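Topology and contacts: notes
In case you want the letters, here they are:
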Amino acid sequence: MFKPAATALLLASIFALGGCGASYGNMGIWGGVEHTKLTEDTYAIRAKVSSVNDATTVDDFILLRAAEVTLADGRPYFVITKTEDLSQVYTNYVPGSVQQNYDRETYRDGNGKGYSTTATTYYTPPYEVSSVVPQRRVMIKTLMDKKGVPGMVYEAAQIKGSLGPRYLN
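Quick summary incoming for the structure in this document. Keep in mind that this is a model prediction, so the values were computed, not measured.

The next subject is the packing of aromatic side chains. According to the stated counting rule, one finds 3 aromatic pairs in the structure shown. With a centroid separation of 5.2 Å and 90° between ring planes, the pair formed by Phe 61 and Tyr 167 is classed as edge-to-face. With Phe 61 in helix α2 (residues 55-72) and Tyr 167 in helix α3 (residues 156-167), this residue pair connects regions lying 106 residues apart in the sequence. The class of Phe 61 is buried, set by a relative accessible area of 0%. Aromatic pair Phe 78 and Tyr 154: ring centres 5.0 Å apart, planes at 15°, arrangement stacked. One end of the pair, Phe 78, is in strand β3 (residues 77-85); the other, Tyr 154, is in strand β9 (residues 153-155), with 76 residues separating them in the sequence. Aromatic ring contacts, followed pair by pair, group Tyr 24, Phe 61 and Tyr 167 into a single cluster.

Moving on: the side chain of Arg 65. When you line up the elements, Arg 65 lands in helix α2. Taking relative accessible area as the criterion, Arg 65 reaches 8% and is therefore assigned buried. Residues contacting Arg 65, with those up to four places away along its chain left out, are Tyr 24, Gly 25, Asn 26, Val 33, Glu 34, His 35 and Ile 45.

Rules used throughout
Residues numbered from 1 in each chain as written. Predicted model: local features only at pLDDT ≥ 70, side-chain atom pairs only at ≥ 80, totals over all residues. Heavy atoms only, no water. Phe/Tyr/Trp six-rings, centres within 6.5 Å; stacked < 30°, edge-to-face > 60°. Helix = DSSP H or I, 4+ residues; strand = E, 2+ residues; numbered from the N terminus. Buried < 20%, exposed > 50% of the residue type's maximum accessible area, 1.4 Å probe, protein only. Contact = heavy atoms within 4.5 Å.

Below, the structure is given as structure tokens:
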């Protein structure tokens, strides 16, 4: 018999044991982060994680990589100039099922042998399972000074000090 709760638990266990959650590093099959230098002080950064992670992980990957490239560029600050949500939604259709069980009992009564049959029907309705694969792309500009810059200015060393221990091995 098909049991949706048992199937969901099995899939969650496979994902947990298989280690398919994204880890911070170069882009791979389960996600990661990558960057491209566009100009002297402008970078495109893309991060993707598997559906067992949430969107916060993608944002952390983006900020950590932005901090790393900013510091490698010899600059202390950066701003995010553009953000694109590239997340993908996957929907799987699980068909319903019907299972019938028959139990036959034999008994003796005063007239000889008799039979009793009990039929039990189990029905599981069809349903859909959706999963979201979070993914973002941002453009950053690295800065030497944060004075006079409109918008949110990030301090690269602070970001790396905060997120680095969580994601860097």
